[in-house]
Amino acid sequence: MSTTRHPIHWTPAQVAGRLVLLAAPLLALGVLHSVPPPALDATPLMAWVAPLVAAVVAVAAASSMLLALVEGLRSGSAAAYLNAAGMGVLGGTYAIEALRGPDSAAFLPSAASAIGATLAAALLLSGAILGARGARVAGHRAQAISLLGIFIATDLALGLVTLSAGITLVHPAETGLWIISATLLALCAVLVGTRARHALAPAMLAVGALVLGLARIGSTDVLVALAALSIGTIIFAVTHLRLLTDEPRIVVPNADEVQPVDAAADPDERDAFERLTRELHATIDELIQARRTIQLQRNELGRVASIDELTGVAGRRSILDRLRFEAAEARRYDHPVALLLLDIDRLGEINREYGVTIGDAVLREVALRMRLRVREADAIGRPGSDGFLAILPHADERGAAVFADILRKRIGHREILTDAGALTVTVSIGVALVRPGSHLSNEELLVNATEALASARAAGGNRIAFDRAHGLARLEERREPHRPGEAAAQDSGA
């Protein structure tokens, strides 16, 4: 365990707040005892209500214990471990008192609760002292030993409370224990820190302890005291919860704002401090730049993975993802979608005769002509080595046929200029559709388009064939001799 001294500097407002918190128990006690005792006997009410309020205190204290343990494990604060032990003893004490049930002769205050409150106050005060010194529990072994010690101390304290449950102390001794616990809690409120919300919980616990010590037996003073204890434990839990939910912030001062703490310090120490500050800023700048570079590389890898490098259209994974999305949208909103699977005829022969470079040039030109004809909502991709896939949302049979016929003419009736000369290529196109009311999946739609493409190629190529729902009907070209550059022959539906 290491300690670092943190001097506490209070402003006048914080000093005034501490005085108010410390005066609160006396003010509450004075108000309670300035009122005459009630004419009605409060014993029946206390017999039922006091155990219930004690149960609330036990639950709130147990929650505070768990939150303080989590905070200690996260931050390594020795004060958090002792706070967890103190709240564990307090919660166990009031759980024992709550389990005693509605017994008019045994409701709070009792010797067991006085002993438990005193032990809990001692643990909380120890935590405040260590917190003021900045004590830390460093290392997994030290944290494990601290946890074991906390559980052992809590079990021993609760064992002592359980054994004293049947003991009846004389009234001055029991009152003295309550006053001691209230004093320890008041000191804890003073040492806990400069923030008022941190001091509010032990101050409320001090109010409850003092009122319980001087409460009139059979009166409602006990309920007021238990209410103060429950409020204090709840505030304690909320405080630790806020510490856990607050994101840790690292504040790095600007190099221009760094000033020596002591103007008369050793010049060598000032130079070393300034050098370390400059190195820290340089390291942070390098880390920020490295993170930006990594993000740019990730973006570029994502772009490369989604775009086919040769043709500039969507790659296989990207176009299949788009197909999955459009098929799902068509099923959900009941609108048509057309799928065109386009294959270049005799591309293998072109590669063998002229080389792969010429074949790549043909692929690039075909992709360019397709990209010039699609709408903004359409998508084009290259799922295979010598073919393309076009997705046309909201396109019916007629729209798909017109688009496919325009593509076939634009590609087949205009020569492609390559390094090996002008080449005339043709394409075969298979068309599949999702019609309103159908429930085809993207896999079924792609299978239908593949089957239609096979039908077009089986007929000799340079054709358009529809899926099985259309009987594999084809739009065939009238074969008329023509010279390159002349007008293309007209197509008719087959």
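Cut-offs and rules
- Residues numbered from 1 in each chain as written.
- Predicted model: local features only at pLDDT ≥ 70, side-chain atom pairs only at ≥ 80, totals over all residues.
- Heavy atoms only, no water.
- Helix = DSSP H or I, 4+ residues; strand = E, 2+ residues; numbered from the N terminus.
- Buried < 20%, exposed > 50% of the residue type's maximum accessible area, 1.4 Å probe, protein only.
- Contact = heavy atoms within 4.5 Å.
- Areas by Shrake-Rupley, 256 points an atom, 1.4 Å probe, with all protein chains shown as cover.
- Polar contact = N/O pair within 3.5 Å; in protein donor to acceptor, adjacent residues only side chain to side chain.
- Axes fitted to C-alpha atoms, helices over the stretch in contact; angles between N-to-C directions.
- Parallel < 35°, antiparallel > 145°, perpendicular 65-115°, else oblique.
- Left-handed = near helix turned anticlockwise from the far one by under 90°.
- Nonpolar A, V, L, I, M, F, W, Y, C, P; charged D, E, K, R; others polar.
- Pairing = 2+ DSSP bridges.
- Right-handed = clockwise from strand over helix to strand, strands pointing away.
- Expected span 1.5 Å × (residues − 1).
- Arc of directions from axis to C-beta.
- Salt bridge = Lys/Arg side-chain N within 4 Å of Asp/Glu carboxyl O.
- Core = buried A, V, L, I, M, F, W, Y, C linked by side-chain atoms within 4.5 Å.
- Patch = residues over 30% accessible without salt bridge, like charges linked within 9 Å, V, L, I, M, F, W, Y side chains within 5 Å.

### Quick look at the overall build of the chain
Turning to step 1, where the next piece is worked out: The secondary structure content of the chain amounts to 14 helices and 9 strands.
Turning to step 2, where the next piece is worked out: Counting over 494 residues, the chain shows a buried share of 42%.
Turning to step 3, where the next piece is worked out: A fraction of 73% describes how many contacts in the chain between residues 6 or more apart in sequence connect residues 24 or more apart.
Turning to step 4, where the next piece is worked out: With the model as given, the accessible surface of the chain reaches about 26300 Å², and the carbon-plus-sulfur share is 61%.

### Side note on the side chain of Asp-345
Turning to step 1, where the next piece is worked out: Within the secondary structure, Asp-345 is located in the loop between β1 (337-344) and α11 (347-354).
Turning to step 2, where the next piece is worked out: At a separation of 2.8 Å, a polar atom in the side chain of Asp-345 contacts the side chain of Thr-426.

### Looking at the packing of helix α12 (residues 356-371) against helix α13 (residues 397-412)
Turning to step 1, where the next piece is worked out: In contact at an axis separation of 10 Å, α12 and α13 are set at 140° when each is read in the N-to-C sense. Put simply, α12 runs oblique to α13. Crossing angle aside, the handedness with which α12 passes α13 is right-handed. Contacts between α12 and α13 involve Val-366, Arg-369 and Met-370 from the former and Leu-407, Arg-410 and Ile-411 from the latter.
Turning to step 2, where the next piece is worked out: Its residues assigned to classes, the contact of α12 with α13 comprises 4 nonpolar, no polar and 2 charged.

### Quick notes on the pairing of strand β3 (residues 387-393)
Turning to step 1, where the next piece is worked out: Within β3, 7 of the 7 residues are buried, leaving the element largely enclosed by the surrounding structure.
Turning to step 2, where the next piece is worked out: Residues Gly-387, Leu-389, Ile-391 and Pro-393 line one face of β3 and the alternating positions Phe-388, Ala-390 and Leu-392 line the opposite face, and both faces are buried.
Turning to step 3, where the next piece is worked out: Where β1 and β3 come together, 7 bridges link them in antiparallel fashion. Within β3, the residue paired with Ala-338 across the bridge is Leu-392.
Turning to step 4, where the next piece is worked out: Alignment of strand β2 (residues 379-381) against β3, held across 3 bridges, turns out to be antiparallel. In the strand pairing of β3, Ile-380 is matched with Ala-390.
Turning to step 5, where the next piece is worked out: Here β2 folds back onto β3, and the loop between the two strands holds 5 residues.

### Remarks on the pairing of strand β6 (residues 427-434)
Turning to step 1, where the next piece is worked out: A large share of β6 lies buried, amounting to 8 of its 8 residues.
Turning to step 2, where the next piece is worked out: Burial along β6 is two-sided: the face carrying Val-427, Ile-429, Val-431 and Leu-433 and the face carrying Ser-428, Gly-430, Ala-432 and Val-434 are both buried.
Turning to step 3, where the next piece is worked out: With 8 bridges joining them, β1 and β6 adopt antiparallel strand pairing. From the neighbouring strand, Leu-340 faces β6, where its bridge partner is Val-431.
Turning to step 4, where the next piece is worked out: Bridge count between β6 and strand β7 (residues 464-466): 3 bridges; the pairing is parallel. Bridge pairing in β7 links Ile-429 to Ile-464.
Turning to step 5, where the next piece is worked out: Running through helix α14 (residues 442-458), the crossover from β6 to the neighbouring parallel element β7 is left-handed.

### Notes on helix α10 (residues 316-333)
Turning to step 1, where the next piece is worked out: The terminal C-alpha atoms of α10, which comprises 18 residues, lie 26 Å apart, in line with the 26 Å expected from a rise of 1.5 Å per residue.
Turning to step 2, where the next piece is worked out: Buried residues of α10: Ile-319, Leu-323, Glu-326, Ala-327 and Ala-330, and no others. Looking straight down α10, one finds that the buried residues subtend no more than 100° of arc, so they occupy a single side. The exposed residues of α10 that point more than 90 degrees off its buried face are Arg-317 and Arg-332.
Turning to step 3, where the next piece is worked out: Each element contacted by the buried residues of α10 is listed here: β1, β2, β3, β6 and α14.

### Here's the deal with the pattern of salt bridges
Turning to step 1, where the next piece is worked out: Throughout the structure, instances matching the rule amount to 12 salt bridges.
Turning to step 2, where the next piece is worked out: Glu-349 serves as the salt-bridge partner of Arg-346, at 2.9 Å between the closest nitrogen and oxygen.
Turning to step 3, where the next piece is worked out: For Arg-346, a relative accessible area of 46% gives the class partly exposed.
Turning to step 4, where the next piece is worked out: Ionic contacts of the salt-bridge type, sharing partners, join the residues Glu-397, Arg-435 and Asp-467 into one network.

### Quick look at the nonpolar core
Turning to step 1, where the next piece is worked out: If you look at the biggest cluster of nonpolar residues, it comprises 49 residues, and the most contacted ones within it are Met-87, Tyr-94, Leu-124, Trp-178, Leu-185 and Leu-229.
Turning to step 2, where the next piece is worked out: Of all elements in the fold, only α2 (43-75), α3 (78-99), α4 (111-132), α5 (140-163), α6 (171-191), α7 (196-213) and α8 (221-245) reach the threshold of two or more residues within this core.
Turning to step 3, where the next piece is worked out: Tallying contributions element by element places α3 first for this core, with 10 residues.
Turning to step 4, where the next piece is worked out: Look past the residues within four positions of Met-87 in its chain and what remains in contact with it is Ala-61, Ser-64, Met-65, Leu-124, Thr-233 and Phe-236.
Turning to step 5, where the next piece is worked out: Grouped together as the second largest cluster of nonpolar side chains are 33 residues, Val-313, Met-370, Phe-388 and Ile-411 included.

### Some points on the side chain of Asp-308
Turning to step 1, where the next piece is worked out: With respect to the helices, strands and loops of the structure, Asp-308 is situated in the loop between α9 (267-306) and α10.
Turning to step 2, where the next piece is worked out: Assessed through its relative accessible area of 17%, Asp-308 is described here as buried.
Turning to step 3, where the next piece is worked out: Side chain to side chain, Asp-308 and Thr-311 meet in a polar contact 2.6 Å long.
Turning to step 4, where the next piece is worked out: The contacts of Asp-308, once residues within four sequence positions are left out, are Val-313, Ala-314, Gly-315 and Arg-382.

### Remarks on α4
Turning to step 1, where the next piece is worked out: Between the first and last C-alpha of α4 there are 32 Å, a value that for 22 residues agrees with the 32 Å anticipated at 1.5 Å per step.
Turning to step 2, where the next piece is worked out: Two residues or fewer after α4 comes Gly-134, characterised by a positive phi angle close to 70°.

### Here we look at the environment of Lys-409
Turning to step 1, where the next piece is worked out: Along the chain, Lys-409 falls in helix α13.
Turning to step 2, where the next piece is worked out: Taking the relative accessible area as the measure of exposure, Lys-409 reaches 26% and is therefore partly exposed.
Turning to step 3, where the next piece is worked out: Note: C-alpha distance between Lys-409 and Asn-462 (53 residues apart in sequence) is 9.2 Å.

### Some thoughts on a nonpolar patch on the surface
Turning to step 1, where the next piece is worked out: Residues Leu-148, Ile-152 and Leu-156 make up a contiguous nonpolar surface patch of roughly 310 Å² in combined accessible area.
Turning to step 2, where the next piece is worked out: Within the secondary structure layout, Leu-148 lies in helix α5.
Turning to step 3, where the next piece is worked out: Using a relative accessible area of 52% as the deciding quantity, one classes Leu-148 as exposed.

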